[in-house]
Structure formats: structure tokens, C-alpha cells
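Geometric and topological summary
In case you want the letters, here they are:
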Amino acid sequence: MRSKENQFYDELSEKLYPEIEWKLKNYPQSHSSRVMVELGTFNIAESYVTSKIENKHGDIVKVNIEGGRNGIELQETLFELKGRKLSHAYIVTYVKQSLDDSANSKRMYASSMEWRQQHDSITKVLIRRLPILGIKDWLLIYEDTLFLLAVKDAYDEMEIIAYPDE
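Cut-offs and rules
- Residues numbered from 1 in each chain as written.
- Predicted model: local features only at pLDDT ≥ 70, side-chain atom pairs only at ≥ 80, totals over all residues.
- Heavy atoms only, no water.
- Core = buried A, V, L, I, M, F, W, Y, C linked by side-chain atoms within 4.5 Å.
- Buried < 20%, exposed > 50% of the residue type's maximum accessible area, 1.4 Å probe, protein only.
- Helix = DSSP H or I, 4+ residues; strand = E, 2+ residues; numbered from the N terminus.
- pLDDT = per-residue confidence, 0-100.
- Contact = heavy atoms within 4.5 Å.
- Phe/Tyr/Trp six-rings, centres within 6.5 Å; stacked < 30°, edge-to-face > 60°.
- Lys NZ or Arg CZ within 6 Å of the ring centre and 35° of its normal.

Let's shift gears to the nonpolar core. Counting 32 residues, the largest nonpolar core has Ile65, Ile72, Leu74, Leu139, Ile141, Tyr155 and Met158 as its most contacted members. Ranked by residues supplied to this core, first place goes to helix H4 (residues 144–151) with four residues.

So this is what it looks like as C-alpha cells:
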């Protein structure tokens, strides 16, 4: 993870960046659990979205993201949890944002498809720190921004890094 100006989705992500960067460099990996998941298509319900991912054993695991309270309930086959008392998790994802038409007008009438593919959208880093609420059969994430962005299909993968209290 490298910090660049204006690369963050919001102020909270920018504030959490140094914290997570410090932990990645200085915290023993044997005490944490780190998983990268590529999400499938989001299925949208009234107050939540679901997706499916495949764990390291080839089993399909469901992911549920909903707004409301903040927290995460880990799914045991995704994380190495034996003997670990993890208290919080960081979620890192890259949010795709389309540029508006006024920004596109600055391209000086370039009509190249390659230019549009490179410049019609940008990605910003979104970071959240969530308390671990327990372990479930599904991976459950409770966070308003992640829910709203999933409805917009603005991200398709996330990294989850779980740590014990210090």
C-alpha cells in the first residue's frame, strides 16, 4: 500500500491508512489473519446485499453486507482462527468512481477508446476498522458505506485483515 494525494475515498480512510500501514509492518503475522476475497455478482435485497466467494478448499461461502451497526462476523473456513482471539478487522477495497461529464470534457475531444477506458473512471482506497462480533457460517459485514457501494457495484474485491487487541 502506497499513499498518494487524493487516493482515498473519504477522510476516515485517510485517517486509518497510517494505522493499518503500521500494523502491517510491525505486527506479527502469526497473531493476525489476512484474507483477500474476490466477490461475485451482488444480489440486492431491501436492506442487504449478498455475494458468493470460494474458500481455499473450493467451497462456496456466502457474504452478506448490510448497513446499520458497525461490525464483522468472520467465517471460519476463510480465516485461520484456531487459538486466536481476534478483536477487530480492517477492510480495504478499491472503489471505482466514474468521472462526470465535465471532467471528461477536459480530454480535448479525444475519441480514442483506450483514453476513455483509462480516464472515465478512477479508483480510491476505502478502509474501515470494524469490531469482530463473532463467527458465523456466512461472512457478515455491517457497514453503511460498503453496503451502499455494493448496491452501486463500485467494488469487486476486498482484503480483510483481522487483529487481536493490542
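On average, residues of the protein carry a pLDDT of 84, and 83% of them reach 70 or more. Highest mean pLDDT in the protein belongs to strand S8 (residues 139–142) (96); lowest belongs to helix H2 (residues 101–104) (42). A low-confidence stretch, residues 101–111 stays under pLDDT 50, and its non-local contacts, those more than four residues away or across chains, total seven contacts.

For the rest of this paragraph, the subject is the packing of aromatic side chains. Under the counting rule described, the total for this entry stands at four aromatic pairs. Relative to tyrosine 163, the ring of tyrosine 90 lies with its centre 6.0 Å away and its plane at 80 degrees, an arrangement referred to as edge-to-face. Of this pair, tyrosine 90 sits in strand S6 (residues 88–98) while tyrosine 163 sits in strand S9 (residues 157–163), and the two are 73 residues apart along the sequence. A single burial state applies to tyrosine 90 and to tyrosine 163, both of which are buried. Through a chain of ring-to-ring contacts, the aromatic side chains of Tyr27, Tyr90 and Tyr163 assemble into a single cluster. One cation-aromatic arrangement involves lysine 23 over tyrosine 27; the distance from NZ or CZ to the ring centre is 5.9 Å.

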